[in-house]
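# Commentary on secondary and tertiary structure
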Amino acid sequence: AARLGTGTSSFDVTSKPPPAHPGQDLPKHPATEVLPAAISNAGQHPPENKQRRKDAAAKVHTALQSEKQGLFRQAFQQCREALELEPDLPDAVLCTARMQLANGCTSRVAKLLHKEHPKVLKQKPHCVEAYAILAAACESTGDWDDAVAHLEQSVKLAAVQATGSVKPSLDVLQGRLA
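None of the values given here were measured: they were computed from a predicted structure.

What follows covers the pattern of salt bridges. Throughout the structure, instances matching the rule amount to five salt bridges. A salt bridge links Lys119 to Asp88; its shortest N-O distance comes to 3.4 Å. Residue Lys119 is found in the loop between α5 (106-116) and α6 (126-141), and its partner Asp88 is found in the loop between α3 (72-85) and α4 (90-102); the two are separated by 31 residues along the sequence. The class of Asp88 is partly exposed, set by a relative accessible area of 29%. Between Glu116 and Arg108 there is a salt bridge, with the nearest N and O atoms lying 2.6 Å from each other. Judged by its relative accessible area of 32%, Glu116 is partly exposed. Owing to a relative accessible area of 29%, Arg108 belongs among the partly exposed residues under this scheme. Ionic contacts of the salt-bridge type, sharing partners, join the residues Glu67, Arg98 and Glu129 into one network.

Let us now look at the nonpolar core. Formed by 22 residues in total, the largest nonpolar core has its most connected members in Leu113 and Val120. With seven residues, the top contributor of residues to this core is α6. Beyond its immediate sequence surroundings of up to four residues, Leu113 is in contact with Val93, Ala97, Pro118, Val120, Leu121, Ala130, Ile133 and Leu134. Ranked by size, the runner-up nonpolar core spans five residues in total, among them Ala63, Cys79, Cys95 and Met99.

Conventions adopted
Residues numbered from 1 in each chain as written. Predicted model: local features only at pLDDT ≥ 70, side-chain atom pairs only at ≥ 80, totals over all residues. Heavy atoms only, no water. Salt bridge = Lys/Arg side-chain N within 4 Å of Asp/Glu carboxyl O. Helix = DSSP H or I, 4+ residues; strand = E, 2+ residues; numbered from the N terminus. Buried < 20%, exposed > 50% of the residue type's maximum accessible area, 1.4 Å probe, protein only. Core = buried A, V, L, I, M, F, W, Y, C linked by side-chain atoms within 4.5 Å. Contact = heavy atoms within 4.5 Å.

Now the structure itself:
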């Protein structure tokens, strides 16, 4: 057995620690088994996560095509499936919000963006469209103060992003600044 010595004391580094209670061994902590594998795979995405992302992106792509064709129920369902695979996928969240807005579910739009997926309000360039959708939802209910606040926030974020490396699409703001 190897022994380490420091000064006048030493201990055996190859022996097991004494049991917590006589006759009982300490259970192995699960992290001691998982941690080495996690460290060796650091920075890598497991293949199943890549496939889930890929599947979610494909569903969003199909949803956007359905949306362009006016197939809102189909687009909504595809976005829901995409969000099951990738919970905060910004394009799926925004597509879902547009579908809710198109169906007149304005309170659902606010709940979706403010409570269920608030990250999209901070993600660039998606936040510009998210605030524009919130503004449109407020406009449709006659809540003009909130509509103006959301639209101003959208314009502010678009201006900031226009000078950065991530350029937002300003299509969502066309005709809304009058």
